[in-house]
Amino acid sequence: MSLPRDLSPSGRRLWRFHGGVHPPEEKALSTAAPIAPALIPDRLVLPLQQHIGAPAQPLVAVGERVLKGQLIAQADGAVSANLHAPTSGQISAIGEHPVAHPSGLNAPCILLEPDGEERRAELPEPLADFAQRDPGEVLARIRWAGIVGLGGAAFPSAIKLAPGPDLPIHSLIINAAECEPYISCDDMLMRRDAAKLVQGIHILRHVLGVTGECLIGIEDNKPEAITALQQALAAHAPAHTELVVIPTLYPSGGEKQLIQVLTGQELASKGIPAQIGMVCHNVGTAVAVADAVLRGIPLISRIVTLTGRGLAQAGNQEVLIGTLAADLIAQRGGYRPGVTRLIQGGPMMGQALHSDQVPLTKGANCLLAPAPAELDASAPAGPCIRCSQCADACPVQLLPQQLYWHTRAKDMDKVQDYNLFDCIECGCCAYVCPSHIPLVQYYRFAKNSIWTQAEEKRKAEHARQRHEARQQRLERVERERKEKIRQKNEALRRKDKPGSDQGKPDAAGNPSGNEAETDPKKAAIAAALARAKAKKAALAEQGVQPKNTAELTPAQQRQVEAAEKRRAQAASQQESE
Ligand code: SF4
Ligand code: SF4
């Protein structure tokens, strides 16, 4: 159970989550200047998968000219997001290109050569009267705009905004905490676009049907943003909206942690906020929603923090989606001497990039280039001294030390027994570890191993089911073949049985009773033959003899009989038709 922690400046009760750390904030490095406008690079690389879920499907061909804001790849399925051209230009290629992944993976991308003219596509009409419109119509606009969570998780926002009738939402949480050190893009966005954020909150409330409170959680290390938001809320606050200033503590900006700090409610291990009637969105997402709904602008750019003492010029910049990290850094004066690392994200949760020739996607909030002595990662890992500081720092109340030991032993069952998948990879444990053990890397390795094993198991199970289905089919075919042979043999045996009339015609030349009974066609022929014979007999009785059949040879007689039989067959066929 959580204990009350404190009161916010507005007098609201706050709650504490377990653990957390206070790393140096380093936000001032990038907040000295206002957000710089986007520059148009020579080339944009647009991964078809900008988010969690299925890659979008391209709608353009190589050589095609596109306009700024034009839809160039369509969401494929429910968990996917549209992709729009960030500027006008020509599609130069569609194919594999390195993307921002620590392994240096390639992924399918659309390459766009900007023409520098910024010619705009025709945008959809603004929904200024969104409050009078059906929430589904507004949601469709958000889906069209390709908006994903801009806090870093990049989950398609339209899904979070449609939790379904079984999960009624009473509260909206706006995540303005931005707790990760160095990153300041949300802070700068709130300073610049506080009014848009308030518009976004109005829209999100309408789409979700929220009638209860809306809480904006912000850490107390952002005084300028707090002032800007207070002013915007004073002018246009939606009902029951409250700006809640919380103490700076990493990772307060984790979704579950923020909900706990603001409301005291703890989410179950694999629970989502909608299960307790809440939906949480990042401030950048709310501003993107306002742009899409009120201005018809799709998500084609975002604010990125460029920071670290290894960069000539740190700051925040509006960035066209698809800009290469190298181009962006070059535009800002390049690296300082000695830089060897580039991290996408912050120092706690970010991922080291293998190259700067990778594009920035919708979820990219920061590029961090530390100077050689900054964020020193050179200290060698020592042995675990079982000090348990990692467990004290873990906000999810895991036992990081046990996770570490079992991962080292490759005992993946045990690792899961210790709730590996509850780990949010916040890095608090590694941050406090006096032995400098890169704990989070072990957890990522364990998660990947388990996912790989699960995938292999799934494939093996699929192959087994296919094999069994084939075996069953072959056995069925063989059974049916044998049954047919058995029936055929049985019929032959019955036919050949001494004294059996089966299949033999009766004295009048009719098929046997059984045969005639079971075969309606044969019965009809027999009946027609009988009628013909009866007619012949009647004519004979009357002394009428066919003139030309008096003295037939045996061969002629057989021909006549065959002809009569055919005639009788034809007659019976006509009757049956
Ligand atoms: S903090 Fe490091 S040394 Fe201490 S128990 Fe955890 S893993 Fe071991
Ligand atoms: S990285 Fe995982 S185990 Fe370590 S403190 Fe964070 S949640 Fe806990």
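Residues numbered from 1 in each chain as written. Chains lettered and ligands numbered in written order. Predicted model: local features only at pLDDT ≥ 70, side-chain atom pairs only at ≥ 80, totals over all residues. Heavy atoms only, no water.

**Remarks on the sheet that holds strand E14 (residues 301–307)**
The cut-off we apply is this: Only strands joined by at least two bridges in the DSSP assignment are considered to pair. Only runs of H or I of at least four residues qualify as helices and only runs of E of at least two qualify as strands under DSSP, and these elements are numbered from the N terminus. Contacts are assigned to residue pairs with any non-hydrogen atoms lying within 4.5 Å of each other. For helices, the axis comes from a line fit to the C-alpha atoms of the stretch in contact; other axes are also lines fit to C-alpha atoms, and the angle between any two N-to-C directions lies between 0 and 180 degrees.
Strands sit in the order E15-E14-E18-E16-E17 across an open sheet of 5 strands; the sheet is mixed. Every interior strand has two partners, whereas the edge strands, strand E15 (315–320) and strand E17 (351–352), have only one. Sheet topology note: the E14/strand E18 (residues 366–368) ladder contains 3 bridges and is parallel. Looking at E18, one finds that Thr-305 is bridged to Cys-366. Sheet strands touched by helix H3 (residues 185–208): E14 and E15. Its angle to E14, the strand with the most contacts, is close to 125°.

**Considerations on the domain arrangement of the chain**
Put simply, the rule reads: Throughout, the edges of the domains are those of an automatic or database domain assignment. The term buried area refers to how much accessible surface (probe radius 1.4 Å) is lost by two components on association, counted for both of them together. Take a side-chain nitrogen of Lys or Arg and a carboxyl oxygen of Asp or Glu: if they are within 4 Å of each other, that pair is a salt bridge. Polar contacts, as used here, are pairs of N or O atoms within 3.5 Å; protein pairs need one atom able to donate a hydrogen and one able to accept it. Residues neighboring in sequence count only if both atoms are side-chain atoms. Under the scheme applied, nonpolar residues are Ala, Val, Leu, Ile, Met, Phe, Trp, Tyr, Cys and Pro; charged residues are Asp, Glu, Lys and Arg; polar residues are all the others, including Gly.
Examined at the domain level, the chain breaks down into domain 1 (27–39 + 130–344) and domain 2 (381–484). Summed over both partners, the interface of domain 1 with domain 2 comes to about 460 Å²; 51% of that surface belongs to carbon and sulfur atoms. Area buried by domain 1 at its contact with domain 2 is led by Tyr-250, Pro-251 and Gln-257, which between them contribute 66% of it. Our count for the domain 1 to domain 2 interface comes out at 0 salt bridges. Our count for the domain 1 to domain 2 interface comes out at 2 residue pairs in polar contact (both at pLDDT 80 or more). Considering only residue class, the side of domain 1 that touches domain 2 consists of 2 nonpolar, 2 polar and 1 charged.

**Some details on the sheet that holds strand E5 (residues 65–66)**
Strand order in this open sheet of 4 strands is E3-E9-E8-E5, and the pairing throughout is antiparallel. Whereas interior strands pair on both sides, the edge strands pair on one side only; in this sheet they are strand E3 (44–47) and E5. The pairing of E5 with strand E8 (residues 89–98) spans 2 bridges and is antiparallel. When the sheet's bridge partners are listed, Val-66 is paired in E8 with Gly-89.

**Considering the pairing of strand E6 (residues 71–74)**
Pairing of strand E4 (residues 57–58) with E6 involves 2 bridges; the strand directions are antiparallel. Each residue of the ladder has a partner; that of Gln-57, found in E6, is Gln-74. In the sheet, E6 pairs with strand E7 (residues 83–84) via 2 bridges, with the strands oriented antiparallel. Considered in E7, the bridge of Ala-73 is made with Leu-83.

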